[in-house]
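Spelled out from the first residue to the last, the chains are:
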Amino acid sequence: MQSYQTSFLDLALESSTLKFGSFTLKSGRQSPYFFNLGFFNSGKLLSALATSYAEAIIASGLKFDVLFGPAYKGIPLCAITVAKLAELDPENYNDVGYSFNRKEKKDHGEGGSIVGSSLKGKKVLIIDDVMTAGTAINEAFSIINEEQGSVVGCVIALDRQETTKDSDLSATQAVSERYSIPVISIVSLSDIITHLGTKISTEELESIKTYRSQYAPKNLQ
């Protein structure tokens, strides 16, 4: 694991972004852990979060023109991350724009549903927190296609590495396969087990391993 990944996980645990226990997910599954990026809610934590996203993007080597954040969670994420990209690697990312959508189209002023950089004719990277069913990403693709942009990848904070209800693939694998793009993540469930295995209780660790054995794609078990 890279230092930005371990730092991210340590801060996620410290800030209660990552919690262990028993949680009912939107899918109805009972998960032994829960991840809520909204708890990265201070200047210190936001700066660290942006660094983690930027480092993951830089490590991927992916080239793009605009970082797109789907409303609402993606709005602060795209803004803080392009700023950190320009700071960490100005040679390659100084001129990357950011953009996000309004939930409702504006019919006055400049109009439209896009705020920030134009997506027309641009290579676009989508940023989000966690990919579960892939619904939000599908909506983002629709918006970007409508604006005549081209999606070249997605970056998320956590890859839960678990299958969706209607597929043997994980959500990230399904999106990658459907759109023929890479899905980059800061960390994955495997990283949580590797790095935090000695920092949580034996019961919590075993619950996570059991959960993974139930829902992880076969190639990750």
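Residues numbered from 1 in each chain as written. Predicted model: local features only at pLDDT ≥ 70, side-chain atom pairs only at ≥ 80, totals over all residues. Heavy atoms only, no water.

The name an unreviewed UniProt entry assigns to the protein is orotate phosphoribosyltransferase, from the organism [Candida] anglica. Its UniProt record gives the protein the following Subunit (unreviewed entry) comment, quoted word for word: "Homodimer." Regarding the protein, the UniProt comment filed under Pathway (unreviewed entry) reads as follows: "Pyrimidine metabolism; UMP biosynthesis via de novo pathway; UMP from orotate: step 1/2." (UniProt positions renumbered as here; feature names shortened; annotations may be inferred.)

1. Regarding the pattern of salt bridges
Applying the stated criterion to the full structure yields six salt bridges. Residue arginine 29 pairs with glutamate 162 through a salt bridge whose shortest N-O separation is 2.8 Å. Of the two residues, arginine 29 sits in the loop between β1 (18-24) and β2 (30-35) while glutamate 162 sits in the loop between β7 (150-159) and α6 (171-179), which places them 133 residues apart along the sequence. For the pair arginine 29 and glutamate 162, one class covers both residues: buried. In this structure, arginine 160 and glutamate 162 form a salt bridge, with 2.9 Å as the shortest nitrogen-oxygen distance. Comparing arginine 160 with glutamate 162, the two get one shared label, buried. Each of the salt bridges in this network shares a partner with another, and the network as a whole consists of Arg29, Arg160 and Glu162. (Salt bridge = Lys/Arg side-chain N within 4 Å of Asp/Glu carboxyl O. Helix = DSSP H or I, 4+ residues; strand = E, 2+ residues; numbered from the N terminus. Buried < 20%, exposed > 50% of the residue type's maximum accessible area, 1.4 Å probe, protein only.)

2. Some points on the packing of aromatic side chains
Following the criterion strictly, the structure yields seven aromatic pairs and no others. One aromatic cluster is present, formed by Phe8, Phe35 and Phe40 through successive ring pairs. (Phe/Tyr/Trp six-rings, centres within 6.5 Å; stacked < 30°, edge-to-face > 60°.)

3. Some points on the pairing of β7
In terms of residue burial, β7 counts as a mostly covered element, since nine of its ten residues are buried. Handedness of the β7-α6-strand β8 (residues 183-188) crossover: right-handed. (Right-handed = clockwise from strand over helix to strand, strands pointing away.)

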